[in-house]
Number of protein chains: 2
Amino acid sequence: MIDRKPDNSRLPTLADVASRVGVSTATVSRCLNEPDRVIGATRERVMAAVRELGYSPNFGARALAARRTNTVGAVIPTMENAIFARGLQAFQEELGENGITLLVASSSYRADLEEEQIRTLAARGADGMLLIGYDRDPAIYSFLKRQGIPVVIAWAHDPRAGVASVGFDNYRAMKALAHAVISRGHSSLGIVSARQAGNDRARERVRGIVDAAAQAGLGSDRVHIVETSYGIDEGAQAFEALMSRENRPSAVMCGNDVLAVGAIGRARELGLDVPLDVSVTGFDDMELAKLSFPPLTTIHVPHRRMGQEAARLLMSTAKTGSENSNILLETEIRLRGSLA
Amino acid sequence: MIDRKPDNSRLPTLADVASRVGVSTATVSRCLNEPDRVIGATRERVMAAVRELGYSPNFGARALAARRTNTVGAVIPTMENAIFARGLQAFQEELGENGITLLVASSSYRADLEEEQIRTLAARGADGMLLIGYDRDPAIYSFLKRQGIPVVIAWAHDPRAGVASVGFDNYRAMKALAHAVISRGHSSLGIVSARQAGNDRARERVRGIVDAAAQAGLGSDRVHIVETSYGIDEGAQAFEALMSRENRPSAVMCGNDVLAVGAIGRARELGLDVPLDVSVTGFDDMELAKLSFPPLTTIHVPHRRMGQEAARLLMSTAKTGSENSNILLETEIRLRGSLA
DNA sequence: TTGTATGCGTTATCAC
DNA sequence: GTGATAACGCATACAA
């Protein structure tokens, strides 16, 4: 526990500013919140005093009295890599322009931690919340509803879910990529996926590949799936596991770019040429993808756009109370050197 | 602005729990904060009511009354890449074990935004704060001191600064790497640095290279510096700028791994072989480094250790009020394929 | 062990 | 346009 260092000189409060200027606390409060409603002359004097004293309003007290925090929370699976960084940055920027602060927490892809973080953010008075994907205990949704906290789901799209969302069709995107891979003659596919349990995005992506394979007449024995957690090393290991099977896939499709880059690295270590010996694909089109050698064939996701729209949606959802706005963004295949 | 959806069923408060159980609010409060001080039987009934009502304490009110938030803030330059992610993760874990929540904000490497974030975190009642590097307006330090908020600086080490810190010697680390580069016969160096103004880490690193070059008898005309902002594309452009000068450096030392990876990528696009045509080095030893092709020669920084120590230091600094604990961590050169 | 009462710093309602 | 003053939800010193 952290105890504040005993501080003899108490922090300046609204009352301090007020008494110094010789006005009431109400006036000072107004100067800060609705400057128009106070006459120019007094406002100047108040603001001067604010600066001199280094006054800064107490957030907790303000939230308590105003029953609003101008804060929204976001719980993302991880901060360890840049997957969510760009989208979140855009989200934050859009909120910032509207005077709203963003609080970010990460769940490490664990449902229990996510729930804890959500409750923490709610207790901190978040006026709204951004969550990634749909999969979670329904109790969480009803908790949020009881609290009157509007929610927006990002990175996924399911109009039937009854929650506002902005995202893309993970299934369709990955299926299209799988078609592209198969049409190049690959008849044995490897899949490196994040754990599918509790992760609708991962599940939809795998389903996309499996369906594409089935439609192309590839038996289920031609599709090998390995689940792992997101991470470069994990991708590398999963890739190696796939390559050491009896009938090696000629193309390995990864659930995201981080896994794919790990796979490519391991291929090099194993003396396998990408894409001559084995093709590799990713998902996300992070900066990493263009930079990898060979550059990564992947699905481009409009992360910035998604973050921005999520912010707008959250603000309007909060205003109107409508819970069923769903924005579908288009993804795009980016063909690069890792696929032959 | 976000207005909470008008919620007819007010959230349960301490008083609701109390009246339902038939005890005083004080007892309920104690059940939550010091369970030992209340007898088993009543505690059970209280906790049951808490669950039934879905009660969750109001953070603002609690902070207001207790004058403590069990929250610490961290302002990092960027979340866009993983430079600070690992250290921060460890920082958070260590804090979490002690029941403390971490609030993260990013400054985009801008001094004005950093100051704003610091004030915001202070207003939110942060009991302590983690900042990166020393360089900032002295007014900020005195503001924090007035607020009684203990500070720990990370990613840098300067015992004379009079602030608690845990970090490494950026100057010495980079100087050692420069020696390694020069000893391999490179007599013309390029430097791709972050902007040095307001960034002591960047400045120290450049100074390390420059001093090493001088000690090796390389004139200042043999050291070319380009400043840019951190980013893969930025690294690529800076690298290209260096390579298009009349006397091309044979080795380009970058201020961090992100820049270096960008440089290597651009080298490939320009048809330059790394390391045959030009050597490239980084700083940080992110996951990226091993994965780059060729793998990156860089400085290994014990990020996790740094985050963990920072958390401990912050907690003990808060307890003891001692402001001048400085922990120096050792870095290590990692020689890999990008340097010949 | 439990209850009472006060105060935390701000906003908002209502007078003036 | 400005000033009193009552909430806001909780923790805590003190009393019982």
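Bear in mind that the values here come from a model prediction, so they are computed numbers and not experimental data. (Residues numbered from 1 in each chain as written. Chains lettered and ligands numbered in written order. Predicted model: local features only at pLDDT ≥ 70, side-chain atom pairs only at ≥ 80, totals over all residues. Heavy atoms only, no water.)

A. Here's a closer look at the UniProt feature "domain: HTH lacI-type" (unreviewed entry) in chain A. Mapped onto the present numbering, the UniProt feature "domain: HTH lacI-type" (unreviewed entry) falls on residues 12-66 of chain A. Between the end C-alpha atoms of residues 12-66 of chain A the distance is 20 Å, and the span holds 71% helix and 0% strand. (UniProt positions renumbered as here; feature names shortened; annotations may be inferred. Helix = DSSP H or I, 4+ residues; strand = E, 2+ residues; numbered from the N terminus.)

B. A look at the protein's contact with DNA strand D. With respect to spatial proximity, 26 residues lie near DNA strand D, and among them Thr27(A), Leu14(B), Ser29(B), Tyr55(B) and Arg62(B) are the closest. In the model, a phosphate oxygen of DNA strand D is placed 3.3 Å from a nitrogen or oxygen of the Thr42(A) side chain. A distance of 2.3 Å is found between a phosphate oxygen of DNA strand D and a side-chain nitrogen or oxygen belonging to Tyr55(B). For the surface near DNA strand D, the class distribution of residues is 13 nonpolar, nine polar and four charged. (Near = heavy atom within 4 Å. Polar contact = N/O pair within 3.5 Å; in protein donor to acceptor, adjacent residues only side chain to side chain. Nonpolar A, V, L, I, M, F, W, Y, C, P; charged D, E, K, R; others polar.)

C. View of the protein's contact with DNA strand C. If you check the shell around DNA strand C, you find 25 residues, and the closest are Leu14(A), Ser29(A), Tyr55(A), Thr27(B) and Val38(B). Protein-proximal atoms of DNA strand C, defined as those within 4 Å of the protein, fall in sugar or phosphate at a share of 67%. Tyr55(A) is positioned such that a nitrogen or oxygen atom in its side chain is 2.3 Å from a phosphate oxygen of DNA strand C. Measuring from a base nitrogen of DNA strand C, one finds a backbone N or O atom of Ala61(A) at 3.5 Å. Breaking the surface near DNA strand C down by element, the ones donating at least two residues are helix 2 (25-33) and helix 4 (59-66) of chain A together with helix 2 (25-33) and helix 4 (59-66) of chain B. No other element matches the four residues that helix 4 of chain A contributes to the surface near DNA strand C. A per-class count over the surface near DNA strand C returns 13 nonpolar, seven polar and five charged.

D. Inspection of the interface of chain B and chain A at higher detail. Taken together, the 57 residues of chain B in the interface contact 58 residues of chain A. Interface of chain B and chain A: buried area, both sides summed, is about 5700 Å²; carbon and sulfur atoms make up 53% of it. Run the count over chain B and chain A and you get zero salt bridges. Split into classes, the residues belonging to the side of chain B that touches chain A amount to 24 nonpolar, 18 polar and 15 charged. (Contact = heavy atoms within 4.5 Å. Buried area = accessible area lost by both parts, 1.4 Å probe. Salt bridge = Lys/Arg side-chain N within 4 Å of Asp/Glu carboxyl O.)

E. Just empty space enclosed by the protein, in detail. Per the stated rule, a full pass over the model turns up nine cavities of 30 Å³ or more. Approximately 140 Å³ is the volume attributed to the largest cavity. If you trace the largest cavity, you find 14 residues lining it, with Met79(A), Asn81(A), Ala85(A), Met79(B) and Ala85(B) closest to the centre. Breaking the lining of the largest cavity down by element, the ones donating at least two residues are helix 5 (85-96) of chain A together with helix 5 (85-96) of chain B. Looking at side-chain class alone, the lining of the largest cavity contains ten nonpolar, four polar and no charged residues. Taken together, 13 residues make up the lining of the second largest cavity; nearest its centre are Leu291(A), Ser292(A), Leu291(B), Ser292(B) and Phe293(B). Where the lining of the second largest cavity is concerned, the elements lending two or more residues are helix 11 (257-269) and helix 12 (287-291) of chain A together with helix 11 (257-269) and helix 12 (287-291) of chain B. With three residues, the top contributor of residues to the lining of the second largest cavity is helix 11 of chain B. Its residues assigned to classes, the lining of the second largest cavity shows nine nonpolar, two polar and two charged. (1 Å grid on protein atoms, 1.4 Å probe; cavity = no way out; pocket = protein on both sides within 12 Å on 5 of 7 lines; lining within 4 Å. Points joined across faces, edges and corners; volume = space filled by probe spheres on them.)

F. Molecular detail of the relation of the copies chain B and chain A. Rotating chain B by 180 degrees and translating it 0.1 Å along the rotation axis places it on chain A, where the RMSD comes to 0.2 Å. Taken together, the rotation and translation relating the two chain copies correspond to the operation of a two-fold axis. In terms of C-alpha distance to the rotation axis, chain B has Gly60(B) as its closest residue, with the C-alpha 1.9 Å off the axis. (Least-squares fit on C-alpha atoms with pLDDT ≥ 70 in both.)

G. Up close: the side chain of Asp284(B). Residues and elements named next belong to chain B. Positionally, Asp284 belongs in the loop between strand 9 (279-281) and helix 12. In this structure Asp284 is buried but unpaired, with Arg205 as the nearest side chain of opposite charge at 4.5 Å. Those residues within four positions of Asp284 in sequence are excluded, and the remaining contacts are Ile83, Arg205, Asn256, Asp257, Thr298, Ile299, His300, Val301 and His303. (Buried < 20%, exposed > 50% of the residue type's maximum accessible area, 1.4 Å probe, protein only. Lys, Arg positive; Asp, Glu negative; His and termini not counted.)

H. A look at the sheet that holds strand 1 (residues 71-76) of chain B. Residues and elements named next belong to chain B. The strand order 2-1-3-4-5-11 describes an open sheet built from six strands, whose pairing is parallel. Strands at the two margins of the open sheet, each flanked by one partner only, are strand 2 (101-106) and strand 11 (326-328). Taken over all neighbouring pairs, the strand axes of this sheet differ in orientation by 20 degrees on average, direction set aside. Relative to strand 4 (residues 151-154), strand 3 (residues 128-132) runs parallel, the two sharing four bridges. Within strand 4, the position partnered with Leu131 by the bridge is Ile153. (Pairing = 2+ DSSP bridges. Axes fitted to C-alpha atoms, helices over the stretch in contact; angles between N-to-C directions.)

I. How the structure looks around the pattern of salt bridges. Residues and elements named next belong to chain A. Taken as a whole and judged by the stated rule, the model has 40 salt bridges over all chains. Across the pair Glu240 and Arg266 runs a salt bridge, and its minimum N-O distance is 2.4 Å. Here Glu240 is found in helix 10 (residues 232-243), whereas its partner Arg266 is found in helix 11, with 26 residues between them in sequence. Close ionic contact of Asp285 with Arg334 constitutes a salt bridge, the shortest N to O distance being 3.7 Å. Taken as a pair, Asp285 in the loop between strand 9 (279-281) and helix 12 and Arg334 in strand 12 (residues 332-334) lie far apart in primary sequence, 49 residues in all.

J. Quick peek at the pairing of strand 6 (residues 189-194) of chain A. Residues and elements named next belong to chain A. Burial within strand 6 is extensive, with six of its six residues counted as buried. Residues Leu189, Ile191 and Ser193 line one face of strand 6 and the alternating positions Gly190, Val192 and Ala194 line the opposite face, and both faces are buried. Taken together, the six bridges between strand 6 and strand 7 (residues 223-228) define a ladder with parallel strand orientation. The residue of strand 7 that forms the bridge with Leu189 is Val223. Note that strand 6 and strand 8 (residues 251-254) share four bridges and pair parallel. Note that in strand 8 the partner of Ile191 across the bridge is Met253.

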